[in-house]
Amino acid sequence: MLLCASWLCAVVFSFLYVRRPSDSYQYKFPMVLFLGSSLMWSADFIMAFLQEGPAYFVELESSLCSDFLCFLFVFTFAMVLWLCKVALHQEVVHD
């Protein structure tokens, strides 16, 4: 779930960045954050599956809550960083 949600955010911000690359909202920053985290969690998933095999999916059910909280934290942190960056950029532009 964590991996799917992260890839979904990466795809959404990639789409927004492609549509408006020079926009003042700076979609490139969250796009890079979510693409990086998605690649990291993809590598983590592949390595865990290779080590544990099909038993990985049995443990997956018990860790859904912690995965959701981890994604919620990462998403919130990325959005706060992005909003700070946009606010600082708009201050510089208006000065």
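The structure this text deals with has already been given above.
Rules behind the numbers
- Residues numbered from 1 in each chain as written.
- Predicted model: local features only at pLDDT ≥ 70, side-chain atom pairs only at ≥ 80, totals over all residues.
- Heavy atoms only, no water.
- Helix = DSSP H or I, 4+ residues; strand = E, 2+ residues; numbered from the N terminus.
- Buried < 20%, exposed > 50% of the residue type's maximum accessible area, 1.4 Å probe, protein only.
- Contact = heavy atoms within 4.5 Å.
- Phe/Tyr/Trp six-rings, centres within 6.5 Å; stacked < 30°, edge-to-face > 60°.

### Quick look at the overall build of the protein
Here's step 1: The secondary structure content of the protein amounts to 4 helices and 0 strands.
Here's step 2: For the protein, the α and β elements follow one another from N to C terminus as α-α-α-α.
Here's step 3: Out of the 95 residues belonging to the protein, those deemed buried represent 26%.
Here's step 4: Relative to all contacts within the protein whose residues are 6 or more apart in sequence, the contacts with residues 24 or more apart total 72%.

### Examining the environment of Lys85
Here's step 1: Note on placement: Lys85 falls in helix α4 (residues 64-94).
Here's step 2: Taking the C-alpha atoms as reference, Lys85 lies 8.6 Å from Phe29; in sequence the two are 56 residues apart.
Here's step 3: Non-local contacts of Lys85, meaning those with residues more than four positions away in its chain, are made with Gln26 and Phe29.

### Observations regarding the packing of aromatic side chains
Here's step 1: Counted under the stated rule, the structure contains 8 aromatic pairs.
Here's step 2: Ring plane angle 80° and centroid distance 5.4 Å describe the contact between Phe13 and Trp82, whose orientation is recorded as edge-to-face. Residue Phe13 is located in helix α1 (residues 2-19), and its partner Trp82 is located in helix α4; the two are separated by 69 residues in the primary sequence.
Here's step 3: Residues Phe73 and Phe77 carry aromatic rings whose centres are separated by 6.1 Å and whose planes lie at 10° to one another, so their mutual orientation is stacked. Of this pair, Phe73 and Phe77 both sit in helix α4, 4 residues apart, which is roughly one turn of that helix.
Here's step 4: You can call Phe73 exposed: its relative accessible area is 58%.
Here's step 5: Counting every residue linked through ring pairs, the aromatic cluster contains Phe13, Tyr27, Phe34, Phe71, Phe75 and Trp82.

Just distances and angles here, no functional claims.
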